[in-house]
Amino acid sequence: MNLIFRMLWLFIWRVRHCRRIGFLGTSVIRYRALPTDCDINMHLTNSRYPSFMDLARTYMLAEMGLLKAFLKRGWMPIVNASEFTYIRDIKPLQQFDVESKVVGWDDKYFYIEQRFVSERGLHCIVHVRGVFVCRGHQVPISELVTAAGYCGEPPELPPEVVKWKQFLDLKKARNLPPQAA
């Protein structure tokens with residue numbers, strides 16, 4: 001986490017004064033691209049996107065009303081995979097929103113979509129696959145969903161997430177050593 005002052009501001013002020021959203025609602029947090037966030041190309045450097053996304057996912061948990069409860073249980077989020085599509089750059093001093101929402105889950109992972117948006121339009125769309133762990137073990141998805149108070153059916157994963165998931169499975173299968181017989 002290289003945005004330490006923004007993280008402190010998030011915990012000291014923002015999470016205490018955030019709105020409430022449902023488990024499948026869209027969380028929105030606004031930032032400004034400071035000169036220290038930009039590279040020599042005079043735009044938000046690619047390495048800052050994941051850092052802003054970490055903050056935005058934390059804020060999303062706070063807006064869902066789950067941050068304190070999950071921390072109290074010792075549940076810590078871990079990103080397993082992410083995929084980025086950059087559309088247009090974010091200029092220095094430009095304000096932008098990071099929109100975050102849970103788009104679904106399977107028996108092992110949550111899938112989150114995060115978008116970087118400004119008055120200029122969509123800048124970047126990212127899909128994140130992750131889990132929560134506690135004391136070195138994965139927290140079952142069913143337990144997380146229950147703790148979140150969600151009672152409905154899991155939403156259908158977007159087609160691009162389904163294809164990405166298939167790609168990740170193929171990548172894993174092609175790169176793991178063969179199993180001993």
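Reading guide: rules and limits
Residues numbered from 1 in each chain as written. Predicted model: local features only at pLDDT ≥ 70, side-chain atom pairs only at ≥ 80, totals over all residues. Heavy atoms only, no water. Helix = DSSP H or I, 4+ residues; strand = E, 2+ residues; numbered from the N terminus. Rg over C-alpha atoms; globule rule 2.2 N^0.38 Å. Buried < 20%, exposed > 50% of the residue type's maximum accessible area, 1.4 Å probe, protein only. Salt bridge = Lys/Arg side-chain N within 4 Å of Asp/Glu carboxyl O. pLDDT = per-residue confidence, 0-100. Core = buried A, V, L, I, M, F, W, Y, C linked by side-chain atoms within 4.5 Å. Contact = heavy atoms within 4.5 Å. Patch = residues over 30% accessible without salt bridge, like charges linked within 9 Å, V, L, I, M, F, W, Y side chains within 5 Å. Areas by Shrake-Rupley, 256 points an atom, 1.4 Å probe, with all protein chains shown as cover. Lys, Arg positive; Asp, Glu negative; His and termini not counted. Charge placed at Lys NZ, Arg CZ, Asp CG, Glu CD. Polar contact = N/O pair within 3.5 Å; in protein donor to acceptor, adjacent residues only side chain to side chain. Pairing = 2+ DSSP bridges.

Side note on the overall build of the protein
Looking only at helices and strands, the protein features five helices and six strands. Scanning the protein from its N terminus toward the C terminus, one meets helices and strands in the order α-β-α-α-β-β-β-β-β-α-α. Its C-alpha atoms give the protein a radius of gyration of 17 Å, near enough to 16 Å, the size a compact globule of 181 residues would have. The principal-axis extents of the C-alpha atoms in the protein amount to approximately 55 × 40 × 30 Å. Within the span of the protein, comprising 181 residues, buried residues form 43% of the whole.

What to know about the pattern of salt bridges
Applying the stated rule across the entire model yields nine salt bridges. The salt bridge involving Arg6 is made with Asp37; its shortest N-O contact spans 2.8 Å. Residue Arg6 is found in helix α1 (residues 4-12), and its partner Asp37 is found in the loop between β1 (27-32) and α2 (48-63); the two are separated by 31 residues along the sequence. Residue Arg6 shares its accessibility class with Asp37, and that shared class is buried.

Description of the confidence of the model for the protein
Mean pLDDT over the protein: 92, with 98% of residues reaching 70 or higher. Averaged over each element, pLDDT in the protein is lowest for α1 (78) and highest for strand β4 (residues 110-118) (98).

Looking at the nonpolar core
Counting residues in hydrophobic clusters, the biggest one holds 43 residues, and the most contacted among them are Phe52, Phe96, Val98, Phe110, Phe116, Phe132 and Leu144. Listed by contribution, the elements that provide at least two residues to this core are β1, α2, α3 (67-73), β3 (95-105), β4, β5 (121-134) and α4 (141-147). Among the elements that take part in this core, α2 stands out by supplying nine residues, more than any other. Here Phe52 is in contact with Leu3, Arg6, Tyr31, Asp37, Leu44, Phe96, Val98 and Phe116, once residues within four sequence places are set aside. Within the second largest apolar cluster, nine residues are counted, among which are Val103, Tyr111, Val131 and Leu157.

Things to note about a positive patch on the surface
Judged by side-chain charge, Arg16, Arg20, Lys68 and Lys72 come together as a positively charged surface patch. In this structure, Arg16 sits in the loop between α1 and β1. Owing to a relative accessible area of 64%, Arg16 belongs among the exposed residues under this scheme.

Let's talk about the side chain of Arg48
Mapped onto the fold, Arg48 is located in helix α2. Among the polar contacts made by the side chain of Arg48, one reaches the main-chain carbonyl oxygen of Thr36 at a distance of 3.3 Å.

Quick notes on a nonpolar patch on the surface
Judged by side-chain polarity, Ile4, Phe5, Leu8, Trp9, Ile12 and Trp13 come together as a nonpolar surface patch covering roughly 680 Å² of accessible area. On the secondary structure map, Leu8 appears in helix α1.

Some thoughts on the environment of Pro140
Considering the arrangement of structural elements, one finds Pro140 in the loop between β6 (137-138) and α4. When the C-alpha positions of Pro140 and Lys108 are compared, they lie 7.3 Å apart, and in sequence the two are 32 residues distant.

Some remarks on the pairing of β3
Two faces make up the sheet, and in a regular strand the side chains alternate between them. Of all eleven residues that make up β3, eight are buried, and the element is covered over most of its length. Of the strand pairs in this sheet, β1 and β3 are connected by six bridges, and their pairing is antiparallel. When the sheet's bridge partners are listed, Ser27 is paired in β3 with Ser100. As defined by bridge partners, β3 adjoins β4 across eight bridges and the pair is classed as antiparallel. Of the residues in β4, the one forming a bridge with Trp105 is Phe110. Linking β3 to β4, which pair antiparallel, is a turn of four residues.

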